[in-house]
Amino acid sequence: MTPHYELFDHTADLGVRVRAAALAELVPPATEALYAAIGEVVTTDAARPWTLELRGDDPAVLLRDYLAELLHAFDCGQQRLTDVHVMEFTPQRIRVSGKMRAVDPAASDFAREIKAVTYHELAIRPIAGGYEATYIVDI
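Please read these numbers as outputs of a predicted model, since none were measured by experiment.

Definitions and limits used
- Residues numbered from 1 in each chain as written.
- Predicted model: local features only at pLDDT ≥ 70, side-chain atom pairs only at ≥ 80, totals over all residues.
- Heavy atoms only, no water.
- Pairing = 2+ DSSP bridges.
- Helix = DSSP H or I, 4+ residues; strand = E, 2+ residues; numbered from the N terminus.
- Axes fitted to C-alpha atoms, helices over the stretch in contact; angles between N-to-C directions.
- Contact = heavy atoms within 4.5 Å.
- Salt bridge = Lys/Arg side-chain N within 4 Å of Asp/Glu carboxyl O.
- Buried < 20%, exposed > 50% of the residue type's maximum accessible area, 1.4 Å probe, protein only.

**Student:** Help me understand the sheet that holds strand β5 (residues 79-89) in this model?
**Tutor:** What holds strands together in a sheet is hydrogen bonding between their backbones, with the strands either parallel or antiparallel. Spatially, the three strands line up as an open sheet ordered β4-β6-β5, and their pairing is antiparallel. Two strands close off the open sheet at either side, each with one partner strand: β4 (43-55) and β5. Recorded for the sheet is a direction-independent mean angle of 20° between the axes of neighbouring strands. Strands in contact with helix α1 (residues 27-38) are β5 and β6 (93-103); relative to β5, the strand with the most contacts, it is inclined by about 160°. Across the face of the sheet, helix α2 (residues 59-77) comes into contact with β4, β5 and β6 while running at roughly 160° to β5.

Shown next as structure tokens:
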């Protein structure tokens, strides 16, 4: 199964559904989907290394918390994560590295403001051939 995502309308919000063959393979398309929900987010060439590790007991909540960190970096620092590398994703821990790059607002096309990655309908479930993750963003 090739990892991919789709955006779908959800009442006043926007839903994201991600499918991949393995749990760790959900993370890169979930990341891309978050930025796609915002719009066309163009970055500069300048990059700095970035790593995040979170622990918990629910993989869906770990994924949501990871995405919330990315949204915070975007909102507060106009930063976007690129070159996503998943070092570990288990039901108890997520470790992701990549490059944090400055957003170029003049070159970007922001379609909507994402206020939060919510817990509403948050899920990761096994499906034929892999996993499906669902999350809702508050717009």
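**Student:** What is the right way to look at the pattern of salt bridges in this model?
**Tutor:** Pairing is possible between side chains of opposite charge, provided their charged atoms come close. This structure, assessed with the given rule, holds nine salt bridges. With a shortest N-O distance of 2.8 Å, E132 and R19 are connected by a salt bridge. Residue E132 is located in strand β10 (residues 130-138), and its partner R19 is located in strand β2 (residues 13-20); the two are separated by 113 residues in the primary sequence. Classification of E132 by relative accessible area gives buried; the value is 8%.

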